[in-house]
Amino acid sequence: SGSKRRKVSDSMPFSFEQIGGQERAKQELIEALDFLVRHEELSKLGIRPLKGILLTGPPGTGKTLMAKAAAQYTDSIYLAASGSEFVEMYVGVGAGRIRDLFKEARTKAKKAGKESAVIFIDEIEVIGGKRDGGQHREYDQTLNQLLTEMDGIHADTAPRLLIIAATNRKEMLDSALLRPGRFDRHIGVELPDKKARYQILNIHAANKPLADTVELEKVAAESFGFSGAQLESVMNEGAIYAMREQSEVIEEQHLAMAIDKVMMGEKTDREATK
Ligand code: ATP
């Protein structure tokens, strides 16, 4: 339905080990996921199934990575969508897309012989923003459809569904989304501290030839305030500078230039959106 094709990720399994830092968030997420894995025990005790997890935090901090890792940890299929894909001029189209997404998750899981599916919805605030006096009727229908689908998730019928949503604007969300049985588990992801930046740099240096003199600890110290996505860029840009200078290894100065470039890039981005 509709012309916008959703990117269904059939990407390689992605594990928590490939996410640097975020120790507390990872631990909280794994605890929550154990609810999904141990569903039989829970239902014996009459514990309400976990249906929705909300990941909050700044852009580029690994929310998408966490959702992918959650899918692999629970041996689920993974489907991803973004809130903006459900915004349509015509009433009912967005709601229809939500319905299709849930249907697709169930079909795909069955086909793959999996007992569960993880649906990741990025930018949830686009469909789940606070309702203001009934002005956005189309958004309301889309949001209502999402709520209906979530209310229809049952713990004891396979495939079980887990919805992971992400936002960097939690305060904008409609309270209907946050009620028990919906997105009632919130996990905050943060910008990485120095130690986490070091871990992230190491992850993204794994497939790159670094000069022996490069100290990633120093790079971590110099990239204060960078997100995981920006650190990934630093490693990538550093490699590009090395290539330009026809160097076979990435030297300290290449990474220094890359840090500057990523920092400047951020500034121009910000100025452009002013
Ligand atoms: P957005 O809110 O902008 O969608 P996000 O929080 O979902 O961002 P991701 O898409 O998960 O961020 O991260 C983007 C890229 O940045 C990842 O593909 C990865 O290369 C890198 N990255 C971000 N955080 C981490 C991390 N903690 N460890 C390793 N790599 C990371």
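Refer to the structure presented above.
All of these numbers come straight from a predicted model, not from anything done at the bench.

In this section: the packing of helix H8 (residues 194–205) against helix H10 (residues 228–244). At a closest axis distance of 9 Å, the pairing of H8 and H10 adopts a crossing angle of 45 degrees. When the interaxial angle is binned, H8 and H10 end up oblique. Judged by the twist between their axes, the crossing of H8 over H10 is right-handed. Packed against H8, whose contacting residues are Arg197, Ile200, Leu201, His204 and Ala205, the element H10 presents Gly228, Leu231, Glu232 and Met235 at the interface.

Moving on, we come to H10. Since the α-helix turns once every 3.6 residues, residues separated by three or four places project in the same direction. Its 17 residues place the ends of H10 25 Å apart at the C-alpha level, agreeing with the 24 Å of an ideal helix rising 1.5 Å per residue. Regarding H10, the residues found buried are Gly228, Gln230, Leu231, Val234, Met235, Glu237, Gly238, Tyr241 and Ala242.

Taken together, 16 residues lie around the ligand, and Gly20, Gly60, Lys63, Thr64 and His204 are the ones closest in. Separating an oxygen atom of the ligand from a backbone N or O atom of Gly62 is a distance of 3.1 Å. The contact in question runs from an oxygen atom of the ligand to an N or O atom on the backbone of Ala229, over 3.3 Å. For the ligand, whose unbound accessible area comes to 630 Å², protein coverage reaches 78%. Those elements giving two or more residues to the shell around the ligand turn out to be helix H3 (63–73), H8 and H10. Counted by class, the shell around the ligand contains five nonpolar, eight polar and three charged residues.

Turning our eyes to something else, we now look at the pattern of salt bridges. Within this structure, the stated rule accounts for 11 salt bridges. With its nearest N and O atoms 3.9 Å apart, the salt bridge here joins Lys26 to Glu23. Placement of both Lys26 and Glu23 in helix H1 (residues 23–37) is noted, with a separation of three residues, approximately one turn of the helix. For Asp184, the salt bridge is made with Arg48, and the minimal N-O distance between the two is 3.2 Å. Pair noted here: Asp184 is in strand S5 (residues 183–188) and Arg48 is in the loop between helix H2 (39–44) and strand S1 (52–56), with a separation of 136 residues, a long-range link. Each of Arg24, Glu28 and Glu190 takes part in a single network of salt bridges with overlapping partners.

Note on placement: Ala112 falls in helix H4 (residues 93–112). With relative accessibility at 45%, the residue Ala112 sits in the partly exposed group. Put simply, Ala112 and Ile77 are 35 residues apart on the chain and 7.8 Å apart in space, counted from C-alpha to C-alpha.

All chains considered together, the criterion is met by one aromatic pair. Between Phe16 and Tyr73 the ring centres are 6.0 Å apart and the planes differ by 70 degrees, which places this aromatic pair in the edge-to-face class. On the criterion of sequence distance, the pair formed by Phe16 in the segment before H1 and Tyr73 in helix H3 is long-range, its members being 57 residues apart. Residue Phe16 is classed as buried on the basis of its relative accessible area, which comes to 9%. Of note, Arg185 hangs over the ring of Phe35, and the distance from its end group to the ring centre comes to 5.1 Å.

The element strand S2 (residues 77–82) is largely enclosed, with a buried count of six among its six residues. By the alternation rule, side chains of S2 split into Ile77, Leu79 and Ala81 and Tyr78, Ala80 and Ser82, which are all buried. The parallel pair S2 and strand S3 (residues 116–122), bridged by H4, forms a crossover whose chirality is right-handed.

Glancing now at the side chain of Ser116. The topology assignment puts Ser116 in strand S3. Excluding residues within four positions of it along the chain, Ser116 makes contact with Leu36, Thr74, Asp75, Ser76, Ile77, Ala109, Pro159 and Arg160.

The subject of this paragraph is a nonpolar patch on the surface. A cluster of nonpolar side chains, contributed by Met89, Tyr90 and Val93, occupies part of the molecular surface with about 350 Å² of accessible area. By the element assignment, Val93 lies in helix H4.

This paragraph deals with the pairing of strand S4 (residues 160–167). Within S4, eight of the eight residues are buried, which leaves it mostly tucked inside the rest of the structure. In this structure, S1 lies alongside S4, joined through five bridges in parallel fashion. Counterpart to Leu54 in the pairing with S4 is Ala165.

Time to look at the sheet that holds S2. Pairing is parallel in the open sheet, where five strands are placed in the order S2-S3-S4-S1-S5. The open sheet has two free edges, formed respectively by S2 and S5, since each of these has just one partner strand. Strand-to-strand twist across the sheet, computed as the mean angle between neighbouring axes with direction ignored, equals 20 degrees. Direction of pairing for S1 relative to S5: parallel, over a ladder of five bridges. Directly across from Thr56, in S5, lies its bridge partner Gly188. Lying over the sheet, H1 contacts S1, S3, S4 and S5, oriented at roughly 155 degrees with respect to S5. Where H3 meets the sheet, it contacts S1, S2, S3 and S4, and its direction lies at approximately 175 degrees from that of S3.

What counts, and at which threshold
- Residues numbered from 1 in each chain as written.
- Predicted model: local features only at pLDDT ≥ 70, side-chain atom pairs only at ≥ 80, totals over all residues.
- Heavy atoms only, no water.
- Axes fitted to C-alpha atoms, helices over the stretch in contact; angles between N-to-C directions.
- Helix = DSSP H or I, 4+ residues; strand = E, 2+ residues; numbered from the N terminus.
- Parallel < 35°, antiparallel > 145°, perpendicular 65-115°, else oblique.
- Left-handed = near helix turned anticlockwise from the far one by under 90°.
- Contact = heavy atoms within 4.5 Å.
- Expected span 1.5 Å × (residues − 1).
- Buried < 20%, exposed > 50% of the residue type's maximum accessible area, 1.4 Å probe, protein only.
- Near = heavy atom within 4 Å.
- Polar contact = N/O pair within 3.5 Å; in protein donor to acceptor, adjacent residues only side chain to side chain.
- Areas by Shrake-Rupley, 256 points an atom, 1.4 Å probe, with all protein chains shown as cover.
- Nonpolar A, V, L, I, M, F, W, Y, C, P; charged D, E, K, R; others polar.
- Salt bridge = Lys/Arg side-chain N within 4 Å of Asp/Glu carboxyl O.
- Phe/Tyr/Trp six-rings, centres within 6.5 Å; stacked < 30°, edge-to-face > 60°.
- Lys NZ or Arg CZ within 6 Å of the ring centre and 35° of its normal.
- Right-handed = clockwise from strand over helix to strand, strands pointing away.
- Patch = residues over 30% accessible without salt bridge, like charges linked within 9 Å, V, L, I, M, F, W, Y side chains within 5 Å.
- Pairing = 2+ DSSP bridges.

In short, shape yes, function no, at least from these values alone.
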